[in-house]
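Chain by chain, the residues run as shown.
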Amino acid sequence: MYLWNRCGRWLATLLALGVVGLLMAQETKPTEGELGKLIDQLGNDDPDVRKEAEKKLFDRGLPALDDLNKAIKGHPDPDVKLRAILLAANIKKGAFGLLRKFEGHSGDGIRSIVVSKDGKRALTGGTDRTIRLWDIETGKELKKLTGHTSWAWEVMFGPDEKQVFSTGSLDRTARRWDLESGKELQQYKGHVYRTYGLAVTPDGKTLFTSGAGSEEGKPNDFTIRQYEVESGKEVQQLEGHTGWVWRLAISPDGSRLASIGFNDYSAKIWDTRTGKLVHDLKDIHEGANVVAVAFSPDSKTLLTGGRDSTARLWDVETGKPLTVYKGLDSAAEALAWSADGKRFLAADGNKVHVFDKASGKIIHRFEEHTDVVYAVAFLPDGNRALSAGKDNVMRMWGVPK
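Residues numbered from 1 in each chain as written. Predicted model: local features only at pLDDT ≥ 70, side-chain atom pairs only at ≥ 80, totals over all residues. Heavy atoms only, no water.

Caption draft 1: Expanded view of the sheet that holds strand β26 (residues 373-378). Taken in spatial order, the four strands make up an open sheet running β1-β28-β27-β26, and their pairing is antiparallel. A strand with exactly one partner marks an edge of an open sheet, and here the two such strands are β1 (98-103) and β26. The mean angle between the axes of side-by-side strands here comes to 20°, regardless of whether they run parallel or antiparallel. Alignment of strand β27 (residues 384-389) against strand β28 (residues 393-398), held across four bridges, turns out to be antiparallel. Counterpart to Ser 387 in the pairing with β28 is Arg 395. (Pairing = 2+ DSSP bridges. Helix = DSSP H or I, 4+ residues; strand = E, 2+ residues; numbered from the N terminus. Axes fitted to C-alpha atoms, helices over the stretch in contact; angles between N-to-C directions.)

Caption draft 2: Main features of the packing of aromatic side chains. The final tally for this structure, using the stated rule, is 15 aromatic pairs. Measuring from ring centre to ring centre gives 4.2 Å for Trp 246 and Phe 262, while their planes differ by 20°; the resulting arrangement is stacked. Taken together, the residues span a long stretch of sequence, with Trp 246 in strand β14 (residues 245-250) and Phe 262 in the loop between β15 (256-261) and β16 (267-271) at a distance of 16 residues. Pairwise contacts between aromatic rings join Trp 151, Trp 153, Tyr 196, Trp 244, Trp 246 and Phe 262 into one cluster. Lying over the aromatic face of Tyr 374, Arg 111 brings its terminal NZ or CZ to 3.7 Å of the ring centre. (Phe/Tyr/Trp six-rings, centres within 6.5 Å; stacked < 30°, edge-to-face > 60°. Lys NZ or Arg CZ within 6 Å of the ring centre and 35° of its normal.)

Caption draft 3: Geometry of the layout of surface pockets. Here the largest pocket defines a volume of roughly 1,400 Å³. Taken together, 46 residues form the lining of the largest pocket, with Ile 113, Val 114, Val 115, Met 156 and Ile 250 sitting closest to its centre. Taken together, the elements giving at least two residues each to the lining of the largest pocket come down to β2 (110-115), β6 (154-157), β10 (194-200), β14, β18 (290-295), β22 (335-337) and β26. Residue composition of the lining of the largest pocket, by class: 33 nonpolar, seven polar and six charged. (1 Å grid on protein atoms, 1.4 Å probe; cavity = no way out; pocket = protein on both sides within 12 Å on 5 of 7 lines; lining within 4 Å. Points joined across faces, edges and corners; volume = space filled by probe spheres on them. Nonpolar A, V, L, I, M, F, W, Y, C, P; charged D, E, K, R; others polar.)

Caption draft 4: Focus on the packing of helix α4 (residues 47-60) against helix α6 (residues 78-96). Relative to each other, α4 and α6 sit at 35°, their axes nearing to 10 Å. Note on packing geometry: the crossing formed by α4 with α6 is right-handed. In this structure, α4 uses Arg 50, Glu 54, Leu 57 and Phe 58 to contact α6, whose residues at the interface are Arg 83, Leu 87, Asn 90 and Ile 91. (Left-handed = near helix turned anticlockwise from the far one by under 90°. Contact = heavy atoms within 4.5 Å.)

Caption draft 5: Molecular detail of the pattern of salt bridges. Taken as a whole and judged by the stated rule, the model has 21 salt bridges. Between Arg 256 and Asp 271 there is a salt bridge; the shortest N-O distance is 3.5 Å. Taken as a pair, Arg 256 in strand β15 and Asp 271 in strand β16 lie far apart in primary sequence, 15 residues in all. Residues Arg 256 and Asp 271 agree in their burial class; the two are buried. In this structure, Arg 395 and Asp 391 form a salt bridge, with 2.8 Å as the shortest nitrogen-oxygen distance. Both residues of the pair, Arg 395 and Asp 391, belong to the buried class. Taken together, the shared-partner salt bridges connect Asp 128, Arg 132 and Glu 141 into one network. (Salt bridge = Lys/Arg side-chain N within 4 Å of Asp/Glu carboxyl O. Buried < 20%, exposed > 50% of the residue type's maximum accessible area, 1.4 Å probe, protein only.)

Caption draft 6: Broad picture of a negative patch on the surface. A surface patch of negative charge is lined by Asp 45, Asp 46, Asp 48 and Asp 79. Looking at the element boundaries, Asp 79 is found in helix α6. (Patch = residues over 30% accessible without salt bridge, like charges linked within 9 Å, V, L, I, M, F, W, Y side chains within 5 Å. Areas by Shrake-Rupley, 256 points an atom, 1.4 Å probe, with all protein chains shown as cover. Lys, Arg positive; Asp, Glu negative; His and termini not counted. Charge placed at Lys NZ, Arg CZ, Asp CG, Glu CD.)

Given below as structure tokens:
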């Protein structure tokens, strides 16, 4: 008992040194001999030697776990085994737990997150009608953009990340902003009730938005509208949905646009150059509302999320279903891919699950939110993720590979 308590105190101190640094340390790959010597020192009679070994192993982070697990199973010294158990648990807790909170939004929740290419900044859009820019490493709010008169439903960086695009739900507009000055540059109008979905082509020249519903006595607007970014001119309307067009996504190669119909239960894939419908995927979640969509990084597959407690993978070229991912409790309310396309995030109630694409298994679950999660995003390093929702707090947390 004495040994256990003593180890616990040492490891609590180590954990307090900072888990963000631990994640960065994952890129350092020590030799097997170095790790073996440090693990042996966990059984040293000199407490200073043990303390230094524990600190070095903790600082090595995830690369130390394999060797620690080997020691847990087969090291001849029982003291080393015990200390290895405690140390491995604290490394996992530090690496895969809550790293930081970002607070400032109010209202009925954060609805959108997007991360900059370098992983240093994030944008959020909220029901408090604001768009906020955050420093990911410090958690500080860098900028607040105001002007929408209804929920900032969707936000995204422009290709050069000097401009920002957003949709404003019931204010019926999409907007373009200069990020440095915070000034509004352009409004894109045309939808008659809600403007929800948002997508910009990789060259920054074309904007797509989607409509949801109508005012009483007016025709429904279930259209997708295409605009010239610079002029604000509406080019064409893409028609075919018979319900609210909830979200849009554009493939990384820029060739395809995906749209999901919240209450027509469909996903549609369009040619971004011609506006022609390529695939019409009907009843894709077996009668359940469709609420999330994301192209894989290679543009070859499309992931959809529904309120049937599943995420589903589709072949973009053929339109055929590939995989059904199960294990959620309520709905795949938001989805996001890792940069390597091997894992994806799925928001589910107040939880976020990490799925392994190939096996379909849930490899991690984050449960720090106090209400429904509406938005998720991976950071480019693949070691961290962001999530936000109705509790108005964006959280950053560690993600296993």
